[in-house]
Amino acid sequence: MKTELLTAQDVDRAAELLRAGGLVGIPTETVYGLGANGLSAMAVRGIFQAKGRPQDNPLILHIPDAAWLTNYCEDIPDTAWRLADRFWPGPLTMVLQCKKRTPEELEELKKGPICSMTHFDRHIIPDVVTAGLDTVGIRCPDHSLCRAIIQRAGVPVAAPSGNTSGRPSPTTAQHMLKDMGGKIDAIVDGGPCQVGVESTIVDLTCTPPRLLRPGGIPLEELRSVLTEIEVDPVVIRPIGEGEQPRAPGMKYRHYAPKAPITVVKGPPERSAAYILAHLSNTYWDGVICFDEYTHLYQSHPVEQLGAARDRWEQARRLFNALRAMDEAGVKHIWAQCPDTEGMGLAVVNRLDKAAGFRIVEV
Ligand code: TXA
Ligand code: MG
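Residues numbered from 1 in each chain as written. Chains lettered and ligands numbered in written order. Predicted model: local features only at pLDDT ≥ 70, side-chain atom pairs only at ≥ 80, totals over all residues. Heavy atoms only, no water.

Draft legend 1. Up close: the sheet that holds strand 1 (residues 4-6). What the 11 strands build is an open sheet, ordered 1-8-2-3-7-4-6-5-9-10-11; its pairing is mixed. The strands lining the two open edges of the sheet, one partner per strand, are strand 1 and strand 11 (230-231). Note: strand 5 (residues 92-97) against strand 9 (residues 200-203), four bridges, orientation parallel. Each bridged residue has a counterpart across the sheet, and for Leu 92 the counterpart in strand 9 is Thr 200. With respect to the sheet, helix 1 (residues 11-19) is in contact with strand 1, strand 2 (24-26), strand 3 (33-37), strand 7 (157-158) and strand 8 (186-188), its orientation differing from that of strand 1 by roughly 130 degrees. (Pairing = 2+ DSSP bridges. Helix = DSSP H or I, 4+ residues; strand = E, 2+ residues; numbered from the N terminus. Contact = heavy atoms within 4.5 Å. Axes fitted to C-alpha atoms, helices over the stretch in contact; angles between N-to-C directions.)

Draft legend 2. Structural view of the pairing of strand 9. The side-chain alternation of strand 9 yields two buried faces, one formed by Thr 200 and Val 202 and the other by Ile 201 and Asp 203. Inspection of the sheet shows strand 9 paired to strand 10 (residues 210-213) by three bridges, in the antiparallel sense. Bridge pairing links Asp 203 to Arg 210 in strand 10. Turn length for the strand 9-strand 10 hairpin, with the two strands adjacent in sequence and antiparallel, is six residues. (Buried < 20%, exposed > 50% of the residue type's maximum accessible area, 1.4 Å probe, protein only.)

Draft legend 3. Up close: the packing of aromatic side chains. Per the counting criterion, the structure on display carries three aromatic pairs. Between Tyr 274 and Trp 334 the ring centres are 6.3 Å apart and the planes differ by 65 degrees, which places this aromatic pair in the edge-to-face class. Of the two residues, Tyr 274 sits in helix 11 (residues 268-278) while Trp 334 sits in strand 15 (residues 332-336), which places them 60 residues apart along the sequence. On the basis of relative accessibility, which here comes to 23%, the residue Tyr 274 falls in the partly exposed class. A cation sits over an aromatic face here: Lys 331 above Trp 284, 4.4 Å from the ring centre. (Phe/Tyr/Trp six-rings, centres within 6.5 Å; stacked < 30°, edge-to-face > 60°. Lys NZ or Arg CZ within 6 Å of the ring centre and 35° of its normal.)

Draft legend 4. Summary view of the packing of helix 12 (residues 311-328) against helix 13 (residues 344-354). Their axes nearest at 8 Å, the elements helix 12 and helix 13 cross at an angle of 20 degrees. The pairing of helix 12 with helix 13 is recorded here as roughly parallel in orientation. Between helix 12 and helix 13 lies a crossing whose hand is left-handed. Seen from helix 12, the contacting residues are Arg 311, Gln 314, Ala 315, Leu 318, Phe 319 and Leu 322; seen from helix 13, they are Gly 344, Val 347, Arg 350, Leu 351 and Ala 354. Residue composition of the contact of helix 12 with helix 13, by class: seven nonpolar, two polar and two charged. (Parallel < 35°, antiparallel > 145°, perpendicular 65-115°, else oblique. Left-handed = near helix turned anticlockwise from the far one by under 90°. Nonpolar A, V, L, I, M, F, W, Y, C, P; charged D, E, K, R; others polar.)

Draft legend 5. Structural view of the packing of helix 1 against helix 8 (residues 144-153). Following both chains from N to C, one finds helix 1 and helix 8 inclined at 50 degrees, their axes separated by 8 Å at the closest point. Classified by the angle between their axes, helix 1 and helix 8 sit oblique to one another. Helix 8 is crossed by helix 1, and the crossing has right-handed handedness. Contacts between helix 1 and helix 8 involve Val 11, Asp 12, Ala 14, Ala 15, Leu 18 and Arg 19 on the former and, on the latter, Leu 145, Ala 148, Ile 149, Arg 152 and Ala 153. For the contact of helix 1 with helix 8, a count of residues per class yields eight nonpolar, no polar and three charged.

Draft legend 6. Examining the site of ligand 1 more closely. Close to ligand 1 lie 27 residues, the nearest being Thr 30, Asn 57, His 62, Ser 199 and Gly 249. Contact distances for ligand 1 include 3.0 Å between a nitrogen atom and a side-chain N or O atom of Thr 135. In this structure, an oxygen atom belonging to ligand 1 sits 2.9 Å away from a side-chain N or O atom of Arg 213. If ligand 1 stood free it would expose 680 Å²; the protein chains cover 97% of that surface. Every element with two or more residues in the shell around ligand 1 is listed here: strand 4 (60-62), strand 6 (135-139) and strand 10. Looking at which element gives the most residues to the shell around ligand 1, the answer is strand 6, with four residues. Residue composition of the shell around ligand 1, by class: 13 nonpolar, nine polar and five charged. (Near = heavy atom within 4 Å. Polar contact = N/O pair within 3.5 Å; in protein donor to acceptor, adjacent residues only side chain to side chain. Areas by Shrake-Rupley, 256 points an atom, 1.4 Å probe, with all protein chains shown as cover.)

Set out below in structure tokens:
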């Protein structure tokens, strides 16, 4: 299959492909997504195939406007509306109760992958989107081109991050082309992603609400709307053997470049010194570090994450840095790591997972 490269001028084409059941790479403010018509089971199955994604890992539905929530969800708590008011469009995914189907709709679904207008107009979400759960993750992205495409398609767009399963998420159209070229119908180039890590996921079907994945909206900001919020333990530690995480995706290896990573935590000057002391003197040790320390590692492949205090910039550059290490062909990666304040929590979470929790505290 030849993958079409589309631009902001091609909203109609992207929307047409989506409606017709195609797979389209879409830009969002967090990372690029691999989109399909969220009301078509057949189209959504294609996502799992192209990514090599495990079937039990549900997808996020993308909508252009909070008003669409009532099409797909029920028992929507007041907190959901307040969060939408404050953070949408934006990098927040809410897990809500999926609308129950009427017996008539269940019959309709049994007929299989019908791609007719009438089927779409009934807003029935197929099981393949939610992996059979009775909840659904929904978000309204802060990227006007992305929203225009969904609006024009007239259907919610199911989209995981547009990487091959297990690899770092794509933050440019070129990253996505690398993973998905030849496997999907099109990629819409909407420029580099402004946030750089995925959305924050909050489960609102439990009391108190629970943070399932840190992301583009810092925990501290969520607390300005939610009086109480619990942080799921797997945000900061590895999954235990046989443990069932609340976000099924959390149990899989993630964000990983080809080479193993060692994450070095602690005050920046100490982690920088630790890496310098332990770096082998071959070219094959790469370093991901804060801008202030780049000069220490002159004879090695280095990727700058941003200034030590600038956690937003670190989030923006992280996945690109991991991919660049692959390009350099290094055999081992040392990474400096921020603390968990603000956007730091999302950066730490992605680095920990990319490293399979191979962590040194200094
Ligand atoms: O920023 C983002 O969220 C990006 C862009 C494309 O929107 N999307 C994204 O999707 O990161 P994905 O599939 O890579 O990650 C979605 C995560 C998975 O860990 C999945 O298990 C979890 O969300 N998830 C989806 N639906 C869920 C549900 N109903 N309950 C719990 N977790 C859910
Ligand atoms: Mg992903």
